There are 2 protein chains.
Amino acid sequence: MEVDKVVHLPRLSRVAVCGGTHGNELSGVYLVKELLKAKNVMKEDNDDEERPASVLMVLSNPWAMQQCRRYVNTDLNRCFTHAALSGPVSKKDPYEMIRSKELNALLGPKGSPEAVDLVCDLHNTTSNMGLCLIAYSDCDWICLHIFRYLQRQMPDIPMRYIHLDVSSKESYSLDSVGKHGFAMEIGPQPHGVVRSNIYTTMKHSVQHVLDWVRFYNSGTVFEGGFVDVYTTVKNMDYPRDSETGNITAAIHPQLQDRDFCPLHPEDPLFQTFSGETLRYKGKEPLYPFFINECAYYEKGIALSLARKRLVALPRIRVQAEQEQQANEQGFASEEE
Amino acid sequence: MEVDKVVHLPRLSRVAVCGGTHGNELSGVYLVKELLKAKNVMKEDNDDEERPASVLMVLSNPWAMQQCRRYVNTDLNRCFTHAALSGPVSKKDPYEMIRSKELNALLGPKGSPEAVDLVCDLHNTTSNMGLCLIAYSDCDWICLHIFRYLQRQMPDIPMRYIHLDVSSKESYSLDSVGKHGFAMEIGPQPHGVVRSNIYTTMKHSVQHVLDWVRFYNSGTVFEGGFVDVYTTVKNMDYPRDSETGNITAAIHPQLQDRDFCPLHPEDPLFQTFSGETLRYKGKEPLYPFFINECAYYEKGIALSLARKRLVALPRIRVQAEQEQQANEQGFASEEE
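Residues numbered from 1 in each chain as written. Chains lettered and ligands numbered in written order. Predicted model: local features only at pLDDT ≥ 70, side-chain atom pairs only at ≥ 80, totals over all residues.

Student: Looking at this model, I keep getting lost on the overall build of chain A. Mind explaining?
Tutor: For chain A, the count of helices and strands is 7 helices and 14 strands. Taken along its principal axes, the extent of the C-alpha atoms in chain A is 65 × 50 × 45 Å. When each of the 336 residues of chain A is scored for burial, the buried share is 45%. Contacts spanning at least 24 positions in sequence make up 75% of the contacts within chain A whose residues lie at least 6 apart. (Helix = DSSP H or I, 4+ residues; strand = E, 2+ residues; numbered from the N terminus. Buried ≥ 20, exposed ≤ 12 C-beta atoms within 10 Å, placed from the backbone. Contact = placed C-beta atoms within 7 Å.)

So this is what it looks like as structure tokens:
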């Protein structure tokens, strides 16, 4: 890569910040409610304030939020595949299937030029993961530059970039509806609980994301550099009773809360309910995360494992207006 | 109190250990399942083993457990008042109202001579409470001696005895069905999650409770002494929006996880979602607990407050068989 070259990228005109995609992940729920309130107040006070990007605040799953549950019928954050979104609409569909189509109409359509430029979807985890941006690409310079900016602005917060190794065709989460997008995952926080420190971290980081977008749209050049990217390799389930399907062990106390500390072959992995230690039988050290996430018991995931690699980012800046128009015309003509 | 005197108390012939009274408090769920499994194995291996007390293992709310929720229709652990238990049975009743009567038939009837001698009901909390025994009496020598024994056996575990200042007529929880009873509450653990360290603490403490009962029934004299008892004074709700009823603040970061550290007038109590600090306006220092317990958001409880006092325990031992028979006859004749 020529690090001196500046990559010019389209302007981010429309940004969406979403909370309550999982109705019991309360930092995002209360933060989006608070931002909506603040936005209303701001509108009254500063009617003529310059708005470099339109920011849409979305409460994604109001029915689940009302019941303080992850979801009502099915996990909303798995309903945004192209296949699911393009299926016929029926009143008998699970609530979240209907809601995902509404959100796709509001923020998408996914994969189209009309989609919002950036989706930041707010989540919490019971795992000790600090702040993670989770995205489908390891070469989305917008997402990676935002991550690098957050790292520099909040040096005391443990922060990682997780790359889900899933094709864009199979991408399933709300953030995949935007041209760029990521889940912002912060923990540890029990579901159904809001902890001030986690809420405040989320509040500050969303503010920094919006700051970054403003700087970027205003023509700031962001220097190239390097970012550690954790790419998912596989998930591991709990040991289970073959007859009942019930779990027979918990995460080993020596692994609990050690998200992103390398797990080596023969390291303790689980402790059975009768007290036995089960060890990691993998052949290479990998980085565990989502260790003992509450919502993943039903998905058969006790932890995820990743490989870490260093990704080089180019210098970037926004395209000039002229350049952008030319590109848009080019894009439009390709669509004909 | 004459500390040299030995108080003679009835034998504890029947003990119940209950888990899953709240279906998403997983340490108790998995521990009772494990004990049931071990008991079956033990039965096969040691058919003629001496059994000083019969121990009944109970999974209290199987339907809620299956759904990994606190309850299905209503909180089971509020369904054991005399009034609720003596009402007519209807198929239209909430599931937990029906189940509470089943459990009362199995372990009670509450307040009768047929009730089990001791109920140990296993719970988890998202609050940083360590291990607590929660009971309705501050002079139940059995419960207090068990607590003191646990403290000595597990000196590394932060441990408190909470006295709910509620009349026995109004007592509402499953443990109130036994002649003696307590909830064993251990945290912090998110609901819907099992953490090895919390599970193991619960496993060891249940073992110590059963050991204590065996020693007691065998005639061991337990020396008198002193125990700190936290008696509930009041509960405090979150600040709420008067229109929507939504909470407008979280527990202040300086109070979060400081269960049982004295809260003084003007100490920080809440942090609003806009960042303001709200302070404790009480007139005396009190001891907070159940700080930010997940299940209490819907009950309007952000934390509970207690006063601490030292309670003197007498020396106790079990009544001799003869003495017990005389007592039972006396008791029976009182019942006529």
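Student: Mind showing me how you'd approach the sheet that holds strand E8 (residues 225-236) of chain B here?
Tutor: Backbone hydrogen bonds hold the strands of a sheet together, and the pairing may be parallel or antiparallel. All names here are of chain B. What the 9 strands build is an open sheet, ordered E3-E2-E4-E7-E5-E6-E8-E13-E12; its pairing is mixed. A single partner strand is all that each edge strand has here, and the edge strands are strand E3 (54-59) and strand E12 (287-289). Neighbour-to-neighbour, the strand axes of the sheet open up by a mean angle of 30 degrees, direction not taken into account. Against the sheet, helix H5 (residues 141-153) makes contact with strand E4 (118-124), strand E5 (130-135), strand E6 (159-163), strand E7 (180-187), E8 and strand E13 (303-313), and its axis sits at roughly 95 degrees relative to E13, the strand it touches most. (Pairing = 2+ DSSP bridges. Axes fitted to C-alpha atoms, helices over the stretch in contact; angles between N-to-C directions.)

Student: Would you take a moment to explain the interface of chain A and chain B for this structure?
Tutor: Reports of interface size often rely on the accessible area that becomes lost once the parts have come together. Listed as interface residues are 22 residues of chain A and, on the opposing side, 23 residues of chain B. Contributions of two or more residues to the side of chain A that touches chain B are made by helix H1 (26-45), helix H6 (196-217) and strand E9 (249-251) of chain A. The biggest single contributor to the side of chain A that touches chain B is H6(A), with 3 residues. Here the residues of the side of chain A that touches chain B are counted per class, giving 10 nonpolar, 10 polar and 2 charged. (Nonpolar A, V, L, I, M, F, W, Y, C, P; charged D, E, K, R; others polar.)

Student: What is the right way to read the pairing of E8(B) from this model?
Tutor: For a regular strand, side chains alternate in direction, first toward one face of the sheet and then toward the other. Residues and elements named next belong to chain B. Pairing geometry for E6 and E8, over 3 bridges, is parallel. Residue Ile162 lies in a different strand from E8, and its bridge partner there is Tyr230. Pairing of E8 with E13, which is carried by 11 bridges, proceeds in the antiparallel orientation. If you follow Thr231 over to E13, its bridge partner there is Arg307.

Student: Just to check I follow, could you spell out the relation of the copies chain A and chain B for this structure?
Tutor: Mapping between the two chain copies consists of a rotation about an axis together with a translation along that axis. The two copies are related by a screw operation: chain A maps onto chain B through 180 degrees of rotation and 0.0 Å of translation along the axis, at an RMSD of 0.0 Å. The two molecules are tied by a two-fold rotation axis, judged by turn and shift. Closest to the rotation axis within chain A is the C-alpha of Pro190(A), separated from it by 2.5 Å. A shared interface surface links the copies, since 100% of the contact residues of chain A are contact residues in chain B too. (Least-squares fit on C-alpha atoms with pLDDT ≥ 70 in both.)

Student: Help me understand the environment of Gln325(A), please; the structure alone is not making it clear to me.
Tutor: Residues and elements named next belong to chain A. One can find Gln325 in helix H7 (residues 321-335). With 11 C-beta atoms counted inside 10 Å, the residue Gln325 sits in the exposed group. Considering only alpha carbons, one finds Gln325 and Pro10, 315 residues apart in sequence, at a separation of 9.7 Å.

Student: What is the right way to look at the environment of Arg160(A) in this model?
Tutor: Residues and elements named next belong to chain A. Within the secondary structure layout, Arg160 lies in strand E6 (residues 159-163). Spatially, the C-alpha atom of Arg160 lies 12 Å from that of Leu310, the residues being 150 residues apart in sequence. Each residue touching Arg160, except ones within four places of it in the same chain, is listed here: Cys132, Tyr230 and Phe260.

Student: For this particular structure, what's the right way to read the packing of H5(B) against helix H6 (residues 196-217) of chain B?
Tutor: If you want to describe how two helices pack, look at the angle between their axes and the distance between the axes. All names here are of chain B. At a minimum axis distance of 10 Å, the contact between H5 and H6 shows a crossing angle of 125 degrees. In this view, H5 runs oblique relative to H6, as classed from their interaxial angle. The handedness of the crossing between H5 and H6 is right-handed. When H5 is examined against H6, the residues Ile146, Tyr149, Leu150 and Gln153 are found in contact with a partner set consisting of Ser205, His208, Val209 and Trp212. Of the residues that constitute the contact of H5 with H6, the class distribution is 5 nonpolar, 3 polar and no charged. (Parallel < 35°, antiparallel > 145°, perpendicular 65-115°, else oblique. Left-handed = near helix turned anticlockwise from the far one by under 90°.)

Student: Please clarify how helix H4 (residues 95-107) of chain B should be interpreted in this entry.
Tutor: Its 13 residues place the ends of H4(B) 18 Å apart at the C-alpha level, agreeing with the 18 Å of an ideal helix rising 1.5 Å per residue. Considering only its buried residues, H4(B) is in contact with strand E2 (14-19), helix H3 (82-86) and E4 of chain B. (Expected span 1.5 Å × (residues − 1).)

Student: What exactly am I supposed to notice about the confidence of the model for chain A here?
Tutor: Keep in mind that low pLDDT regions are not for reading the predicted coordinates in detail. Residues and elements named next belong to chain A. For chain A, per-residue confidence averages 93 on the pLDDT scale, and residues scoring 70 or more make up 92% of the total. Here residues 44-51 is modelled with pLDDT under 50, and outside its nearest four sequence neighbours on either side it reaches 0 contacts, counting other chains as well. pLDDT under 50 marks residues 331-336. Its contacts with residues more than four places away, or in other chains, come to 1 contact. Scoring the predicted complex yields pTM 0.93 and, for the interface, ipTM 0.92. (pLDDT = per-residue confidence, 0-100.)

Student: How do you make sense of the sheet that holds strand E11 (residues 277-279) of chain A when you look at a structure like this?
Tutor: All names here are of chain A. Within the open sheet, the 3 strands sit side by side as E9-E10-E11. Their pairing is antiparallel. Of all strands in the sheet, those bounded by a partner on one side alone are E9 and E11. Recorded for the sheet is a direction-independent mean angle of 35 degrees between the axes of neighbouring strands. In terms of strand pairing, E9 meets strand E10 (residues 268-272) through 3 bridges, oriented antiparallel. Bridging across to E10, Ala250 finds its partner in Gln271.

Student: Would you explain the domain arrangement of chain A in this entry?
Tutor: Residue and element names in this part refer to chain A. According to the domain assignment, chain A contains domain 1 (6-230) and domain 2 (234-310). A straight line from the C-alpha centre of domain 1 to that of domain 2 covers 27 Å. Contact with domain 1, which involves 13 residues of that partner, is made by 15 residues of domain 2. Among the elements of the structure, E6 and strand E8 (225-236) are those that each provide at least two residues to the side of domain 1 that touches domain 2. Counting residues per element, the side of domain 1 that touches domain 2 draws most heavily on E8, at 4 residues. Looking at the side of domain 1 that touches domain 2 residue by residue, the classes come out as 5 nonpolar, 5 polar and 3 charged. (Domains from an automatic or database assignment.)

Student: Teacher, can you tell me more about unusual backbone geometry here?
Tutor: Trans is the prevailing form of peptide bonds, just as negative phi is the prevailing case for residues other than glycine. Going from Gly187(A) to Pro188(A), the amide bond is cis rather than trans, its omega being 5 degrees. Mapping Pro188(A) onto the fold places it in the loop between strand E7 (180-187) and H6. Omega for the bond connecting Gly108(B) with Pro109(B) falls within 30 degrees of zero, at 0 degrees, which places this linkage in the cis form. Its identity as a non-glycine residue notwithstanding, Phe260(B) has a phi of 75 degrees, on the positive side. Checked against the element boundaries, Phe260(B) lands in the loop between strand E9 (249-251) and strand E10 (268-272). The phi dihedral of Glu266(B) is positive, around 75 degrees, even though this residue is not glycine. Locating Glu266(B) in the fold gives a position in the loop between E9 and E10. Overall, the presence of 10 C-beta atoms within 10 Å leaves Glu266(B) in the exposed class.

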